[in-house]
Amino acid sequence: AFTLTLLSMGCGDGGGGASDGGGLSDAEVASDAPAAAKGSCVYTNPFSRMEECREYIGPSWNSGSMATDCRRAMGVFSDGAACDYPESLGTCLLNGDRVNATRLVFPGSDAAQCDATRNGCTVFGGGEFTPAGPCTGSGGGGMTGGFGVFQPPVLECRAPADGEPAGMSEGGQVCTWSSISGATEEGRRYQDYASCDRVRTQRPYYPVDPAPARATPDARLEDPAYVSELGWVRSQVAASACVCCHSSEVAPSGPSNWYLEAPGNWMDSFHDTGLVLGAGWIDSTALGAYPAADNNGFARTTSGIPTTDPARMAAFFEAELTARGRTRADFASARPFGGPIYDQLVYTPTACTDGDGVAVDGTITWGGGGARYVYVLDAGSANPGVPPNLDLPTGTRWRVDVPFEAAPIESGIVYGSVPAGTTQRVPSSGAPAALVPGTEYYLYVLADVGIPIARCLFTYPN
């Protein structure tokens, strides 16, 4: 589901390894007749908070793997049965070229949900949407707000917890970014110094089963050197925002995959993809990062998990993978972490159509519904990504933000004129540089962080 794709936005993995190719045949993909379902799962998408049904159609699915997948989604599994609704908004084919292909069915008859459903499939899931029912026409009224709103990071400064030494910031306070990439001071607990509730708006959180437990106890727990290094890794993770979703003491409905309090060796709760993130074997740049100097000494460079010693952290996770018999070659074809937010970074814009762009009087037009972030950039600029370091690419001429607690703005705002209730992020003050007639620019509009609804090149008219 979309949430499984987006789990890779945070500190951990999404619950499984990289898929091999060899999914539906070309004939099945091209056929008007949908592939038969081997089974189905009805569940509530914790991100959209709406019911969905997942059909298992790829050749790798069997009764056991389907039941396991459905259990992780906290759904109701039906072996050998397809999704059955009197009316639906459409379907979404995910991983159609892979052995684990699935098809999501979205029940309902409300045309106002059509654009949100379509964007959820194509933008979040990277899937192929086939409309049905009310969505076979115009598609309805745009993004509906069901996905929740990203709350931007803030720097929280708090007094030290009882019994702890003075902090490194002014007045002895401890200052911590409430961000997925954030970390508090080494040796402290993140949840004592920043809001995990805010962090969890920045990624789709929900509980997911950890990796299967090992059959026999880990003999390495008898090795003092290993236990010491394992304890250091745990303390590093405990100081980072990873605990917001990967601690049974902090995650409100239970941890997502791996967690610090797992019995035995808590490393066993990692799926291989989580270990790969820690080892830095797959690029995770799209997830965003702070400079260590601005993040209490914690970086997310060599290792994908925030740490004060990236090389040491990566070496530990590499050793864990080696102990499982895994090598870099096993992940040579794996895509970088980030799912749709990675795809956003590498997107190649094309010319605006259907009237999108900026008119001679400065009016900005886009389709797709309400927006929370509107950019006008120089042509050739990088695509905006996630905070804290990817959301202001060089070449940004103008950016307007809508506060997370306010309603989004609609198409028709004027370049350089800041709508009531919004904030001009770029430039920090004053009017933006005037657009030059005959010059090409890049319009980039997001319904929310990670959800672009317009991204195209336009030429400012004479």
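Up top is the structure.
Residues numbered from 1 in each chain as written. Predicted model: local features only at pLDDT ≥ 70, side-chain atom pairs only at ≥ 80, totals over all residues. Heavy atoms only, no water.

What about the overall build of the protein chain?
Phase 1 of the analysis: Helix and strand content of the protein chain: nine helices and 16 strands.
Phase 2 of the analysis: In the protein chain, which comprises 462 residues, the proportion classed as buried is 51%.
Phase 3 of the analysis: Sequence separation of 24 or more characterises 66% of the internal contacts of the protein chain that already satisfy a separation of 6 or more.
Phase 4 of the analysis: Summed over all atoms, the accessible surface of the protein chain reaches about 19,200 Å², with 52% contributed by carbon and sulfur. (Helix = DSSP H or I, 4+ residues; strand = E, 2+ residues; numbered from the N terminus. Buried < 20%, exposed > 50% of the residue type's maximum accessible area, 1.4 Å probe, protein only. Contact = heavy atoms within 4.5 Å. Areas by Shrake-Rupley, 256 points an atom, 1.4 Å probe, with all protein chains shown as cover.)

Re the side chain of Ser179
Phase 1 of the analysis: Along the polypeptide, Ser179 turns up in the loop between β8 (174-177) and α5 (196-200).
Phase 2 of the analysis: On the basis of relative accessibility, which here comes to 3%, the residue Ser179 falls in the buried class.
Phase 3 of the analysis: Among all residues touching Ser179, those that are not within four sequence positions of it are Pro153, Tyr190, Val199, Gln202, Ala241 and Tyr290.

Examining the nonpolar core
Phase 1 of the analysis: Ranked by size, the top nonpolar core spans 50 residues in total, and within it Tyr190, Val233, Val237, Trp266, Met267 and Phe317 carry the most contacts.
Phase 2 of the analysis: Contributions of two or more residues to this core are made by α5, α6 (224-238), α7 (272-279), α8 (310-323), β12 (373-378) and β15 (440-448).
Phase 3 of the analysis: Considering every element that reaches this core, the biggest residue donor is α6, with six residues.
Phase 4 of the analysis: In this view, Met267 contacts Tyr226, Leu230, Val233, Leu275, Phe316, Phe317, Glu320 and Arg324; residues no more than four positions away in its chain are not counted.
Phase 5 of the analysis: Of all hydrophobic cores here, the second largest spans 24 residues; its members include Ala371, Val376, Leu435 and Tyr441. (Core = buried A, V, L, I, M, F, W, Y, C linked by side-chain atoms within 4.5 Å.)

Observations regarding α7
Phase 1 of the analysis: Taking burial as the measure, the eight residues of α7 include eight buried ones, the bulk of the element.
Phase 2 of the analysis: Every buried residue of α7 is accounted for by Asp272, Thr273, Gly274, Leu275, Val276, Leu277, Gly278 and Ala279.
Phase 3 of the analysis: The inward-facing, buried residues of α7 abut α8.
Phase 4 of the analysis: Positive phi shows up at Gly280, right after α7, with a value of about 75°.

A short note on the state of the cysteines
Think of a disulfide as a covalent bridge from one cysteine sulfur atom to another cysteine sulfur atom.
Phase 1 of the analysis: Considering all chains together, one arrives at seven disulfides under this definition.
Phase 2 of the analysis: Two residues, Cys114 and Cys135, share a disulfide whose sulfurs are 2.1 Å apart. The chirality of the disulfide connecting Cys114 with Cys135 is left-handed, given an S-S dihedral of about -90°. Of this pair, Cys114 sits in helix α4 (residues 114-124) while Cys135 sits in the loop between β6 (128-131) and β7 (155-158); the two residues are 21 residues apart in sequence, bridging distant segments of the chain. Across this residue pair, the class does not change: Cys114 and Cys135 are buried.
Phase 3 of the analysis: Among the cysteines around Cys245, which has no disulfide bond, Cys244 carries the closest sulfur, lying 6.3 Å off. (Disulfide = S-S within 2.5 Å.)

With respect to α8
Phase 1 of the analysis: The terminal C-alpha atoms of α8, which comprises 14 residues, lie 20 Å apart, in line with the 20 Å expected from a rise of 1.5 Å per residue.
Phase 2 of the analysis: Regarding α8, the residues found buried are Pro310, Met313, Ala314, Phe316, Phe317, Glu320 and Leu321. Projection of α8 onto a plane perpendicular to its axis shows the buried side chains occupying an angular sector of 160°, all on one side. Set apart from the buried face of α8 by more than 90 degrees, the exposed residues are Ala311, Thr322 and Ala323.
Phase 3 of the analysis: Looking at the buried positions of α8, the neighbouring elements they touch are α6 and α7.
Phase 4 of the analysis: One or two positions beyond α8, positive phi appears at Gly325, with a value near 80°. (Expected span 1.5 Å × (residues − 1). Arc of directions from axis to C-beta.)

Points about the packing of aromatic side chains
Phase 1 of the analysis: Per the stated rule, a full pass over the model turns up 14 aromatic pairs.
Phase 2 of the analysis: Between Trp258 and Phe270, the ring centres sit 4.4 Å apart and the planes meet at 10°, which makes this aromatic pair stacked. In this pair, Trp258 is assigned in the loop between α6 and α7 and Phe270 in the loop between α6 and α7, connecting sequence segments 12 residues apart. Residue Trp258 shares its accessibility class with Phe270, and that shared class is buried.
Phase 3 of the analysis: Ring geometry for Tyr441 versus Phe458: centroids 5.9 Å apart, planes at 35°, classification tilted. Residue Tyr441 is located in strand β15, and its partner Phe458 is located in strand β16 (residues 451-459); the two are separated by 17 residues in the primary sequence. (Phe/Tyr/Trp six-rings, centres within 6.5 Å; stacked < 30°, edge-to-face > 60°.)

Details of the sheet that holds strand β3 (residues 76-79)
Phase 1 of the analysis: Pairing within the open sheet is antiparallel, and its six strands lie in the order β3-β1-β2-β5-β4-β6. The strands lining the two open edges of the sheet, one partner per strand, are β3 and β6. Looking at each pair of strands side by side, their axes are set apart by 20° on average, direction ignored.
Phase 2 of the analysis: Note: strand β1 (residues 39-45) against β3, four bridges, orientation antiparallel. Bridge pairing in β3 places Gly39 opposite Asp79. (Pairing = 2+ DSSP bridges. Axes fitted to C-alpha atoms, helices over the stretch in contact; angles between N-to-C directions.)

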